[in-house]
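Each chain, letter by letter, is given below.
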Amino acid sequence: ARPRRMPLPRGHSMDRTKVETTVKFRVEREVLADAVAWVARGLPNRPPVPVLSGVLIEADRAGTITLSAFDYEVSAKVTVAADVDEGGTVLVTGRLLSDISRALPARPVDVATEGNKVNVTCGTSRFSLLMMAADDYPTLPAAPQPSGTIAGDVFTQAVHQVAIAADRGDTLPILTGVRMQIEGDKVTLLATDRYRLAMRELTWSPASADAAYIALIPARTLGDTAKALGAAGSVELALGGNAGGDGLIGFEAGQRRATTRLLDGEYPKVTSIFPTSVDTEAVLETGALIEAVKR
């Protein structure tokens, strides 16, 4: 049977309370560019509804702005410091905002609404983006309760080593995922495309000593998230129950948060392919082996 994405948590709705659309704030260019890049990285090329191509910006008079993106499967959210004169919420095209923020000079960026437009000013550069209907934007799903932490560099390396073996086609969609199994302080990542198999074992710091979880995470999403969070000192994982709670797994590092819906299905029992013993072992210098394989 074809695996399916697990359903959204109960209570998810497209309904959203009407919000104030007057916004005015100043933020450093690098801070804005990094924040937009984080939330916009997973925006769909062909969103099922137009508002899902947007990035939601919520300005708080307390001195922060929160940027969010969601495509019904993956959500991303980040909060950064800013000088906020007028608080409110606006929705603008995410990829366009990402392109603009990367191209701005290294100076403070002023963002302010004017009618149905959002003006972005930096030095002598000025851009105007049409506002989208923020009232129609879906509420981001809430992540499960935190389950433990893992070193950011270790997590990123482990995911990279395993996700490369996941299937990239759709013949067997379940093989496009990375199987994560947690038993106490041990984490096992496993992926295969039927021709190659990768497995990595590592340790983490669980919130409960008897933690036991199994989750099947889309490999591409896991790889992108791990790469984006890898610079952090530690990454907090949030799961629930033996199958990831409400069908979600959450990641958090600093002010960056993300969730993704899990794949639903029974992963094939492939660990038996690994031999229990070997007759011959060879130790090679990594760089020389890579060069030889290339040639």
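In this text the structure is predicted, and so the values were computed from the model without any measurement. (Residues numbered from 1 in each chain as written. Predicted model: local features only at pLDDT ≥ 70, side-chain atom pairs only at ≥ 80, totals over all residues. Heavy atoms only, no water.)

Looking at this structure, how should I read the pairing of strand β2 (residues 24-27)?
Residue alternation in β2 divides its side chains into a buried set, Phe25 and Val27, and an unburied set, Lys24 and Arg26. Of the pairings in the sheet, the one linking β2 to strand β6 (residues 83-86) comprises three bridges and is antiparallel in character. Each bridged residue has a counterpart across the sheet, and for arginine 26 the counterpart in β6 is aspartate 83. In this sheet, strand β8 (residues 109-114) lies alongside β2 in antiparallel orientation, the contact comprising four bridges. Bridged to arginine 26 within β8 is aspartate 110. (Buried < 20%, exposed > 50% of the residue type's maximum accessible area, 1.4 Å probe, protein only. Helix = DSSP H or I, 4+ residues; strand = E, 2+ residues; numbered from the N terminus. Pairing = 2+ DSSP bridges.)

Looking at this structure, I do not really get the confidence of the model for the chain. What am I missing?
Reading predicted coordinates in detail is not appropriate for stretches of low pLDDT. When pLDDT is averaged across the chain, the result is 88; 90% of the residues are at 70 or more. Here residues 8-20 is a poorly scored stretch, pLDDT under 50, and it has 33 contacts once near neighbours within four places are set aside; other chains count. Scored below 50 in pLDDT, residues 241-245 makes 12 contacts in the model with residues more than four places away or belonging to other chains. (pLDDT = per-residue confidence, 0-100. Contact = heavy atoms within 4.5 Å.)

Quick question: what am I supposed to make of the sheet that holds strand β13 (residues 186-192) here?
Strand order in the open sheet formed by four strands is β14-β13-β12-β16, and the pairing between neighbours is antiparallel. Two strands bound the open sheet, and with one partner strand each, they are β14 (197-203) and β16 (212-218). Each adjacent strand pair in this sheet contributes to an overall mean axis angle of 15°, direction not counted. Across five bridges, strand β12 (residues 177-183) lies against β13 in antiparallel orientation. Paired with isoleucine 182 across the two strands is valine 187, which belongs to β13. Contacting β12, β13 and β14, helix α3 (residues 152-163) crosses the sheet at an angle of about 165° to β14. Sheet strands touched by helix α4 (residues 219-229): β12 and β16. Its angle to β16, the strand with the most contacts, is close to 100°. (Axes fitted to C-alpha atoms, helices over the stretch in contact; angles between N-to-C directions.)

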